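Read off the chains here:
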Amino acid sequence: MQDKPEGVADSPVAEASSTPNTATAQQPQAPNISPNKSKKMRTILFVIIGGFLVLGIAVAVVYFMFFYVSRADYKSAEKQTNTVIVAYHKIDDATEEWSAAVADASATDRDIASKKIAYNDANAAYKSAVGELSDMRALKDRKVKSAYDTFVTKNNAMTTNNDSMAEAMPMLRTMVIECNNADTSGMDTSDLSTIADAWDKSFAKCTEAIKDLSSAKNVDIATVGKKLEQYFTEMRTDIVALQAAYIAKDEAAFTKAYNAFTDVEDKYNSDESLKSIKKHQDSLLPQTELNNLLTAIRSRE
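Below: a short report on this structure. What you see is a predicted model, and the numbers here were worked out from it, not measured in a lab.

A word on the overall build of the chain. Of regular secondary structure, the chain possesses 12 helices and zero strands. Secondary structure elements of the chain occur, N-terminal to C-terminal, as α-α-α-α-α-α-α-α-α-α-α-α. Looking at the 301 residues of the chain, the share that counts as buried comes to 31%. Taking all contacts inside the chain whose residues are at least 6 apart in sequence as the whole, residues at least 24 apart take part in 78%.

Our focus in this paragraph is the packing of aromatic side chains. Under the criterion given, the structure shown has seven aromatic pairs. Consider the rings of Phe203 and Phe232, whose centres lie 5.8 Å apart with planes at 65 degrees: the pair is edge-to-face. In this pair, Phe203 is assigned in the loop between helix H7 (195-202) and helix H8 (204-213) and Phe232 in helix H9 (residues 219-248), connecting sequence segments 29 residues apart. A network of ring pairs unites the aromatic residues Trp199, Phe203, Phe232 and Phe261 as a single cluster.

Counted under the stated rule, the structure contains one disulfide. Residue Cys179 pairs covalently with Cys206 via a disulfide, S to S 1.9 Å. When the S-S torsion is 90 degrees, as for the bridge of Cys179 with Cys206, the disulfide is right-handed. Taken together, the positions of Cys179 in helix H6 (residues 142-180) and Cys206 in helix H8 put the pair 27 residues apart, joining distant regions of the chain. Taking relative accessible area as the criterion, Cys179 reaches 21% and is therefore assigned partly exposed.

We now examine the packing of helix H4 (residues 71-103) against H6. Where H4 meets H6, the closest approach of the two axes is 11 Å, and the angle between their N-to-C directions is 20 degrees. Judged by the angle between their axes, H4 and H6 are roughly parallel. For the crossing formed where H4 meets H6, the hand is left-handed. Taking contact as the criterion, the partners of Tyr74, Val84, Tyr88, Ile91, Thr95, Trp98, Ser99, Ala101, Val102 and Ala103 in H4 are, on H6, Val144, Phe151, Met158, Asn162, Ala166, Met169, Leu172, Arg173 and Val176. Looking at side-chain class alone, the contact of H4 with H6 contains 15 nonpolar, three polar and one charged residues.

Conventions adopted
Residues numbered from 1 in each chain as written. Predicted model: local features only at pLDDT ≥ 70, side-chain atom pairs only at ≥ 80, totals over all residues. Heavy atoms only, no water. Helix = DSSP H or I, 4+ residues; strand = E, 2+ residues; numbered from the N terminus. Buried < 20%, exposed > 50% of the residue type's maximum accessible area, 1.4 Å probe, protein only. Contact = heavy atoms within 4.5 Å. Phe/Tyr/Trp six-rings, centres within 6.5 Å; stacked < 30°, edge-to-face > 60°. Disulfide = S-S within 2.5 Å. Axes fitted to C-alpha atoms, helices over the stretch in contact; angles between N-to-C directions. Parallel < 35°, antiparallel > 145°, perpendicular 65-115°, else oblique. Left-handed = near helix turned anticlockwise from the far one by under 90°. Nonpolar A, V, L, I, M, F, W, Y, C, P; charged D, E, K, R; others polar.

Okay, structure coming up:
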């Protein structure tokens, strides 16, 4: 072999021919996947896909069970709301008829009892109708549910008021009878020197019944009782002053006491707190809320 001239590098071709191709030697070969393993992977993939499919079906089922409201559901809710409205008018009429009979001194016990039965029947029917309304599927609709919740709030206030008023009816009846039937025959107007005692005897049962009324659970009936108690106290104060002026033969004081006594009735009739009772009672009626609920249901059909 000839020696290479000094300073001459090896030929690249020769070097390549003499050096092994390490890149080719070190390149990893693709692993062999057996048919059974490939089949297993596809099975797992199908199971996963099937799981997502089942999940999707479950979500759809849950949606239809809890959120979907059909046209038939709205129709059912509309029908039940109309049933509640009819029942509401019946209990409103029954309440007014019963309370009017209780406040009428000439009404018989039999008449009052029949009015009470009519009220109880109407009240039970109304509460039943409202209870059925709470089961309507249309309440899954947010707009309908909002109108329903507003109605429920007002209805609860009315129901509480009606129940406490019904409880107070016997006390109201007692007051009406005792005050209307107060025996004033012992009040001798020809001799006013003992008129205060005669007043106390005549209105003893009446004032006692008024005190009982002022403790009623129904806030409006209690207000009536307290106001009656207040004005009866004022009238007795005037009666005492009238008697004292009569005994003293003080004409000016007598006239003043007499005018004060007769003014009490006007003060009672113009009392704003008593006038506000009707406004408060009217504010408890859920008629507007019922109509709004009906409108909300119909707007979704």
